[in-house]
Amino acid sequence: MQETYTAYLIETRSVEHTDGQSVLTDSLWRRYSEFELLRNYLLVYYPHIVVPPLPEKRAEFVWHKLSADNMDPDFVERRRIGLENFLLRIASHPILCRDKIFYLFLTQEGNWKETVNETGFQLKADSRLKALNATFRVKNPDKRFTELKHYSDELQSVISHLLRVRARVADRLYGVYKVHGNYGRVFSEWSAIEKEMGDGLQSAGHHMDVYASSIDDILEDEEHYADQLKEYLFYAEALRAVCRKHELMQYDLEMAAQDLASKKQQCEELATGTVRTFSLKGMTTKLFGQETPEQREARIKVLEEQINEGEQQLKSKNLEGREFVKNAWADIERFKEQKNRDLKEALISYAVMQISMCKKGIQIWTNAKECFSKM
Amino acid sequence: MAGGPPKALPSTGPHSLRDMPHPLAGSSSEEAVGGDSTPSPDLLMGRSFGDKDLILPNGGTPAGTSSPASSSSLLNRLQLDDDIDGETRDLFVTVDDPKKHVCTMETYITYRITTKSTRVEFDLPEYSVRRRYQDFDWLRNKLEESQPTHLIPPLPEKFVVKGVVDRFSEEFVETRRKALDKFLKRITDHPVLSFNEHFNVFLTAKDLNAYKKQGMALLTRVGESVKHVTGGYKLRTRPLEFAAIGDYLDTFALKLGTIDRIAQRIIKEEIEYLVELREYGPVYSTWSALEGELAEPLEGVSGCIGNCSTALEELTDDMTEDFLPVLREYILYSDSMKSVLKKRDQVQAEYEAKLEAVALRKEERPKVPADVEKCQDRMECFNADLKADMERWQNNKRQDFRQLLMGMADKNIQYYEKCLMAWESVIPLLQEKQEAK
């Protein structure tokens, strides 16, 4: 059975410094699933980075006119823009742009999938990150990350709501404009029985037709605004992932510290002979007889080894954790700046769209009014 | 009846009505088709009755002998026309100041009717009375009875069926007041109706109810009070010009009905759009509360959408209050005009029947008996009145619709201007460089 899918052409240009001309260096085809693979890889290898999101797999937040069909040309075009945006985001990221796999994505058409899989990134992936609902009793997370996670949850919620309502608003606005088209026909019919009023009515009717058809372009432009919002809706998820990673690292750290502490305790008890902590070994010893001093010495030795190991591990985990927090927070700050810039721009372009819509409306109705005045 | 038609009448060929000269225009030597030419008063003025150019239903020459009484009364009317069309107006009527009256049996609204006039028919130069809707209804019925050859303007509907309308809401009362004012003004502007006795009493009597109870038949001038002919007479063919008027009114009412439906649908869609907008704006506010640097821009957008919502609400209110009622009024108008056309047919039918009866009698010198003459007179007066009124109606209709549609365009322009202002004022806010918080 044959499968139908859409492939996207990726052309990479490098800008020559000398004359500013861009030269086409690479050109290949990729399908959506390959983009997904790239992103999953980046998520694993750069857990401290807010990885740019992919455009939606299926059309959501549609209003009635938009097709939800993945093969629909409008959807495909908007997805193409989204995918291009995704690659541009990575290319402009100070750290991600240097990644080898990303480079190969742009340059090595065949075998790229194998190359990615060979990195074994799937094994490195922490399955717990995917478990969205799992909670971890983390005692001392960095407060900033807790707040940030809360923020990303709220952001997701509010942008979803906004997109849903916007789609309904678009739907209604479409209805208002289109019904006006009916005036065009009835004015024309009416003008047929009138003498002096006829011309004015007829030409006014034409303007009503213009009005009705003007909504199509307006709403198409608005879709771009919606897409900009969607990108940040999905970015919120990426933000959340970074916070989760921190939580997990912190959790592992705390567990390791806890484990170390209990081992130390055990060791101390064995050495001094006091049993303060409950242990199964202790219980069985009581029930089935004391152990020999040699056995005790052996156990202490094992524990001391484990404690040493544990302390090393804890040290490195601590270091790792601190590194992570530092690097992640740096990227988060970068992301915040980017978000504020981008969203401000999006709002401005939205306002500009609204202004243009109002001006068009004024123009059309003024023309209609003039026709009416000649009745 | 295809006897040699006067030159202005359209042929029976397949022309669109548009190409045909207007039924009422161009019977004079003036341009029938054309831009701004209103049907010239020449049609009525300055010519004596019986001129060949006058359009008559039979298509033949007017009867040579017409009773002097009728022609002089027609001339009277013409002179009155002259005065009304001229600069000086001597009668002004206004409807305002609605007030609610609560009585044991019922609650109702009265309106103040103010009249200013220099006419001799009014004892005082100024009057102020209060009337309620049923008084207007009574007046209209009386006018229909006493002036059946004329087009009586419509009243706003008695009951409003659609939806739950509060009869005492400000909007409803104001809409009604405007319509009642229009009603009286149309009568005031009419050269014949404005002199009607009942109209006079309506404007001046302190106790209208007492007058209503009298129900006396008042003396009227010959030719003005034509008793409604209750039939038995069937008209064979409506003369072309009146048929054209009938056809016009049919199509006109149809188109208005369509426009009414479209307008209502637009308002409905706009209201649903408004509902969504009212949810949309506040979401930006909610988002703003999460943000730092973006807080003000987002709040600004929220406020902006709120302003647009308010502007939209004003638009829908205006359209409901000002646009729809006038459309409905004209639909009612054309309905009542069609029934006047039918009455006219009746009168003509009676005349033709009687004329035929005379022709069938075998006499040496057939002489048109007096009662047949009276019939003819009645018919010709009716035709003349109706044509004059149709002309007036066409003029008024044109002005009214020009005003109505320009008003609609205006309201939409104002709506967009308000929205434009809101969005333009938010741009600087969005572009502002925020201080690091």
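Let me sum up the structure you'll find in this document.

Criteria and cut-off values
Within each chain, residue numbers correspond to sequence positions counted from 1 in written order. The lettering of chains begins at A and the numbering of ligands begins at 1, in the order of writing. Whole-chain, interface and lining totals are the exception, using all residues; otherwise, since this is a predicted model, local features are given only for residues with pLDDT of at least 70 and side-chain atom pairs are given and counted only at 80 or more. Each side-chain value is derived from all of the structure's non-hydrogen atoms; neither hydrogens nor water enter the calculation. Strands here are runs of E lasting at least two residues and helices are runs of H or I lasting at least four, both read from the DSSP assignment and numbered beginning at the N terminus. We call two residues in contact whenever any of their non-hydrogen atoms come within 4.5 Å of each other. Each helix should span, by expectation, one fewer than its residue count multiplied by 1.5 Å. The classification of residues rests on relative accessible area computed with a 1.4 Å probe and restricted to protein chains. Under 20% of the type maximum is buried, over 50% is exposed, and intermediate values are partly exposed. Here the rule is simple: two strands pair whenever DSSP picks up at least two bridges between them. An axis is simply a line fitted to the C-alpha atoms; with a helix, the fit covers only the stretch in contact. Between two such axes, the angle follows the N-to-C directions and lies from 0 to 180 degrees. For the purposes of this section, nonpolar cores are sets of buried Ala, Val, Leu, Ile, Met, Phe, Trp, Tyr and Cys residues that join through side-chain atoms within 4.5 Å. Buried surface area refers to the total accessible area, computed with a probe of radius 1.4 Å, that the two partners give up upon joining, counted for both partners together. For salt bridges, the criterion is a side-chain nitrogen of Lys or Arg within 4 Å of an Asp or Glu carboxyl oxygen. Nitrogen and oxygen atoms within 3.5 Å of one another constitute a polar contact, given that in protein one can donate a hydrogen and the other can accept it, and given that sequence-neighbouring residues count only through two side-chain atoms. The labels follow the angle: roughly parallel below 35 degrees, roughly antiparallel above 145, roughly perpendicular from 65 to 115, and oblique for the rest. Should the near helix be turned anticlockwise from the far one by less than a right angle, the crossing is termed left-handed; should it be turned clockwise, right-handed. Polar here means any residue outside two lists: the nonpolar Ala, Val, Leu, Ile, Met, Phe, Trp, Tyr, Cys and Pro, and the charged Asp, Glu, Lys and Arg; Gly therefore counts as polar. The aromatic pairing rule takes the rings of Phe, Tyr and Trp, using the six-membered ring of Trp, and pairs them if the centres are within 6.5 Å, calling planes under 30 degrees apart stacked, those over 60 edge-to-face and the rest tilted. In this scheme, Lys NZ or Arg CZ marks a charge over a ring once it lies within 6 Å of the ring centre and within 35 degrees of the ring normal.

What follows concerns the overall build of chain B. Scanning chain B for helices and strands turns up eight helices and three strands. Along chain B, from the amino end to the carboxyl end, the secondary structure elements read α-β-β-β-α-α-α-α-α-α-α. By sequence separation, contacts in chain B at least 24 residues apart represent 73% of the contacts at least 6 residues apart.

Over its 14 residues, helix α1 (residues 32-45) of chain A extends 20 Å from the first C-alpha to the last, a length consistent with the 20 Å expected when each residue adds 1.5 Å. Among the residues of α1(A), A:Tyr32, A:Glu34, A:Phe35, A:Leu37, A:Leu38, A:Arg39, A:Tyr41, A:Leu42 and A:Val44 are the ones counted as buried.

What follows covers the sheet that holds strand β3 (residues 126-132) of chain B. Residues and elements named next belong to chain B. Spatially, the three strands line up as an open sheet ordered β1-β2-β3, and their pairing is antiparallel. Both outer strands of the open sheet, β1 (91-102) and β3, are each paired with one neighbouring strand and no more. Across the sheet, the axes of successive neighbouring strands diverge by a mean angle of 20°, strand direction being ignored. Note that β1 and strand β2 (residues 107-117) share ten bridges and pair antiparallel. What sits directly across from Asp96, in β2, is Arg112. Where helix α3 (residues 170-189) meets the sheet, it contacts β1 and β2, and its direction lies at approximately 150° from that of β1.

Below, the discussion takes up the nonpolar core. Of all hydrophobic cores here, the largest spans 130 residues; its most connected members are A:Tyr183 and A:Phe187. Looking at this core, the elements that each hand over two or more residues are α7 (143-191), α8 (198-272) and α10 (293-373) of chain A together with α6 (240-288), α7 (295-360) and α8 (370-431) of chain B. With 29 residues, the next largest nonpolar core counts B:Trp138, B:Leu139, B:Ile152 and B:Val173 among its residues.

With that settled, consider the interface of chain A and chain B. At the junction of the two partners, chain A supplies 59 residues and chain B supplies 64 residues. Taking both partners together, chain A and chain B bury about 6000 Å²; carbon and sulfur atoms supply 73% of that area. One can count eight salt bridges joining chain A with chain B. When the shortest N-O distance is used, the salt bridge between B:Glu272 and A:Arg172 registers 2.6 Å. Put simply, the parts of the chain that give the side of chain A that touches chain B at least two residues each are α7, α8 and α10 of chain A. Per element, the largest residue contribution to the side of chain A that touches chain B is 25 residues, and it comes from α7(A).

Residue and element names in this part refer to chain B. Within the secondary structure, His150 is located in the loop between α2 (133-146) and α3. You can call His150 buried: its relative accessible area is 4%. A distance of 3.4 Å separates the side chain of His150 from the side chain of Asp385, its partner in a polar contact. Once you skip the residues sitting within four places of it in the chain, His150 turns out to touch His190, Val192, Leu193, Val340, Asp385 and Asp389.

Trans peptide bonds make up the majority, and among non-glycine residues the majority have a negative phi. The residue A:Asn111 is not glycine, and still its phi comes out positive at about 70°. Along the chain, A:Asn111 falls in the loop between α3 (100-107) and α4 (112-118). One non-glycine residue, B:Asp97, adopts positive backbone phi at about 55°. Note that B:Asp97 resides in strand β1.

The subject of this paragraph is the packing of α7(A) against α10(A). Residues and elements named next belong to chain A. For the pair α7 and α10, the least separation of the axes is 14 Å and the interaxial angle reads 15°. With respect to their mutual orientation, α7 and α10 come out roughly parallel. Both α7 and α10 take part in a crossing whose hand is left-handed. Side by side, α7 and α10 meet where Arg144, Phe145, Leu148, Tyr151, Leu173, Tyr177, His180 and Phe187 of the first sit next to Val325, Ala328, Trp329, Ile332, Lys336, Lys339, Met357, Trp365 and Phe372 of the second. Its residues assigned to classes, the contact of α7 with α10 comprises 13 nonpolar, one polar and three charged.

Bringing the pattern of salt bridges into the picture now. Residues and elements named next belong to chain B. Summed over the entire model, instances satisfying the criterion amount to 59 salt bridges over all chains. A salt bridge links Arg112 to Asp96; its shortest N-O distance comes to 2.9 Å. Placement of Arg112 in strand β2 and of Asp96 in strand β1 is noted, with a sequence separation of 16 residues between them. Ionic pairing is found between Glu313 and Arg278, a salt bridge with its closest N-O pair at 2.9 Å. Separated by 35 residues along the polypeptide, Glu313 in helix α7 and Arg278 in helix α6 bring together distant segments of the chain.

The next point concerns the packing of aromatic side chains. Taken as a whole, this structure holds 33 aromatic pairs over all chains when the rule is applied. With a centroid separation of 5.3 Å and an interplanar angle of 10°, the aromatic rings of A:Tyr183 and A:Phe187 are classed as stacked. Placement of the pair is A:Tyr183 and A:Phe187 together in helix α7, with a separation of four residues, close to one helical turn. A residue is classified by how much of its surface remains accessible, and A:Phe187, at 0% relative accessible area, is buried. Connected via pairs of aromatic rings, a cluster forms that spans A:Trp190, B:Tyr248, B:Phe252, B:Tyr330, B:Tyr333, B:Trp393 and B:Phe401. The aromatic ring of A:Trp329 is capped on one face by A:Arg144, whose charged end is 4.4 Å from the ring centroid. The side chain of B:Arg344 reaches across the aromatic face of B:Phe242, ending 4.2 Å from its centre.

Purely spatial values, then, with no claim about function.
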